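Descriptive structure summary
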Amino acid sequence: MATMTELSPVEGESKYSQDMQVDKKLIPSKVPGLCSTRYGLALILHFCNLSLVTQNIIMYITMVAMVNSTDHQSQLNSSTEGLPIDSFGGPNNTPKSLPARAPSYDWSPQIQGIIFSSLSYGMILTLALSGYLAGRVGTKRVFGFSLFVSSLLTLCTPLAVDFGLTSLIVTRIVHGLSQGSGFGGQFAVWEKWSLPHERSRLCAIALSGMPLGSFTALLIGGFISQAIGWPFAFYVFGGTGCVFCLLWFFLAYDDPASHPWISTSEKEYIISSLDQQVSSFKEPLPIKAIFRSLPFWSICICSLGHYWLLTIIIVYTPTYISSVHSVNIRDNGVLSAFPFLCAWATGILGGCLADFLLSKNFRLITVRKIATVLGNLPASAFIVALPYLNSNYITTVAFLTLSCVLSQFCQAGIHINTLDIAPRYSSFLTGVSRQLSHIAYILVPMVTGFLLSQDPEFGWNNTFFLMFAINLLGLIFYIIFGEADIQDWAKERKLTRL
């Protein structure tokens, strides 16, 4: 009778440890670099991420134009509690020139908070599941379908608003489900496309579309809302998403072997470089081992602190500029968007710098921790300093820009660390870590709204200090327990018949 015996791990398998070095002699001279298929895939994903993020945050900038400014001009649009009564510097400092053709609504700050949070409720349900599905059925299907549904629901948002508040909230929840599938389901593609010595660059190019999306939404959204009405902001970004969705389905493929236009040299090089990391068969998830792994939990906890920082920057940058410096919706969009343009360039630069340090014999875990520290500690410190600046808004924007720029170094740190510790299961691990991190998107509006309403004088100080404390605790946990070796439970195990 045949029995199955598990041998662990395969003898002679390359460790791919944190001391991994690249043997340049193994790189064929004819394998293209920046003009290669793998970099083209990163560029496509870059623009798809741009589209997803614009659809994700456009409500935050259009809400200023959507609410009835007569009743709620002095309250916070992005919290569940609201700002002090003079948050916009008085009744005469609110946006005045909204188009007459665009309807406005009598939504209290509490209702606005529910509208904002509803998207996160949907996202948090699908991030881990989509990562698992992408690892099983392919990133092309999961991510492409998610982008299409997200774009379609963005186009339908003005119609949902016309049907009533309940219709809008339900649409936002379903929209969140598709957004979560997009953000959680895209990382499986790098299990089969990213070479170890190019991983930081490829992921950075793809992920840098997110800050560029924030820049686009904050900049263009304000102009569209003021010029032709807030509904057209949803039409523009929803339509753009449909275009990128078509490009994704035509040009993206799950692995080099199935790509019809990739060169033979590049295909063979990628496949041979990853043959020890990519499993030849579908392995069951080692759930118990994953959730007992301190390196994995260090990624989750540090990511939660970083997402708390990003939520403060993305959601509350427009509100802070409006409340402290009393600028209108158009200027608010320009000032809020500028830091994300700088962050876009920094994200790509950080990935290139990480791979450069690896080529100079830096240990992989050292590079990941350096990037994570740079993306958390200085960025949160600049935000904490904002309430103590008694100068004009240019200084405020400078500090916000520095914070936003530095935060992008985490793209070469914790955000891709799952590819180091468990390449075979990285899509699922990334989905789980992002799902836990997105708790910040739900908690930040509630906690910040409460702090701002309870203490009008020091509300911003308390908000920023809390953000700094959470960020610092997560960073310390990651520095202590973070690793970059492939974990024992993530190595391929060979089944043999006796």
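Calculation rules
- Residues numbered from 1 in each chain as written.
- Predicted model: local features only at pLDDT ≥ 70, side-chain atom pairs only at ≥ 80, totals over all residues.
- Heavy atoms only, no water.
- Phe/Tyr/Trp six-rings, centres within 6.5 Å; stacked < 30°, edge-to-face > 60°.
- Helix = DSSP H or I, 4+ residues; strand = E, 2+ residues; numbered from the N terminus.
- Buried < 20%, exposed > 50% of the residue type's maximum accessible area, 1.4 Å probe, protein only.
- Lys NZ or Arg CZ within 6 Å of the ring centre and 35° of its normal.
- pLDDT = per-residue confidence, 0-100.
- Contact = heavy atoms within 4.5 Å.
- Salt bridge = Lys/Arg side-chain N within 4 Å of Asp/Glu carboxyl O.
- Core = buried A, V, L, I, M, F, W, Y, C linked by side-chain atoms within 4.5 Å.
- Domains from an automatic or database assignment.
- Axes fitted to C-alpha atoms, helices over the stretch in contact; angles between N-to-C directions.
- Parallel < 35°, antiparallel > 145°, perpendicular 65-115°, else oblique.
- Left-handed = near helix turned anticlockwise from the far one by under 90°.
- Nonpolar A, V, L, I, M, F, W, Y, C, P; charged D, E, K, R; others polar.

Any two aromatic rings considered together are summarised by their centre-to-centre distance and by the angle between their planes. Counted under the stated rule, the structure contains 16 aromatic pairs. Seen in terms of ring centroids, Phe-47 and Phe-244 are 5.8 Å apart; in terms of plane orientation they differ by 20°. Their pairing is stacked. Here Phe-47, found in helix α1 (residues 37-66), pairs with Phe-244, found in helix α9 (residues 231-251); they are 197 residues apart in sequence, far enough to count as distant. Classification of Phe-244 as buried rests on a relative accessible area of 16%. Put simply, the rings of Tyr-105, Trp-107, Trp-230 and Phe-234 touch in pairs and so form one group of aromatic residues. Taking the ring centre of Tyr-253 as reference, the NZ or CZ of Lys-140 above it sits at 4.1 Å.

So, on to the confidence of the model for the chain. Residue-level pLDDT values for the chain average 80, and 80% of them are 70 or greater. Considering only residues more than four positions removed or in separate chains, one finds that residues 1-29, a stretch of pLDDT under 50, has 52 contacts. Every residue in residues 69-98 scores below 50 in pLDDT, and together they form 79 contacts with partners more than four places removed in sequence or on other chains.

Attention now moves to unusual backbone geometry. One non-glycine residue, Asn-361, lies in the positive phi region at around 70°. Here Asn-361 lies in the loop between α13 (329-359) and α14 (364-385). Owing to a relative accessible area of 57%, Asn-361 belongs among the exposed residues under this scheme.

Where side chains of opposite charge bring their charged atoms close, a pairing between them can arise. Evaluated as defined, the whole model comprises 5 salt bridges. The shortest N-O distance in the salt bridge between Arg-38 and Glu-266 comes to 2.9 Å. Residue Arg-38 is located in helix α1, and its partner Glu-266 is located in helix α10 (residues 264-273); the two are separated by 228 residues in the primary sequence. By the burial criterion, Arg-38 is buried, and Glu-266 matches it. Residue Arg-201 pairs with Asp-355 through a salt bridge whose shortest N-O separation is 2.9 Å. Separated by 154 residues along the polypeptide, Arg-201 in helix α7 (residues 199-207) and Asp-355 in helix α13 bring together distant segments of the chain. Note on Arg-201: relative accessible area 24%, which makes it partly exposed. With a relative accessible area of 5%, Asp-355 lands in the buried category. Overlapping salt bridges, with partners in common, bring together Arg-38, Glu-198 and Glu-266 in one network.

A few words on the nonpolar core. Counting 88 residues, the largest nonpolar core has Trp-107, Trp-190 and Ile-383 as its most contacted members. When residues of this core are assigned to their parent elements, the largest contribution, 17 residues, is made by α1. A domain split of this core shows at least three residues from each of domain 1 (37-67 + 102-274) and domain 2 (285-491). Val-367, Ile-414, Ile-421 and Tyr-425 belong to the second largest nonpolar core, which has 28 residues in total.

Across the interface, α1 lies against helix α4 (residues 139-163) with an axial gap of 10 Å and an inter-helix angle of 20°. The angle between α1 and α4 falls in the class roughly parallel. α1 and α4 meet at a crossing whose hand is left-handed. Here Leu-45, Cys-48, Asn-49, Ser-51, Leu-52, Gln-55, Met-59 and Met-66 of α1 lie close against α4, whose contacting residues are Phe-143, Leu-147, Ser-150, Ser-151, Thr-154, Thr-157 and Val-161. Its residues assigned to classes, the contact of α1 with α4 comprises 8 nonpolar, 7 polar and no charged.

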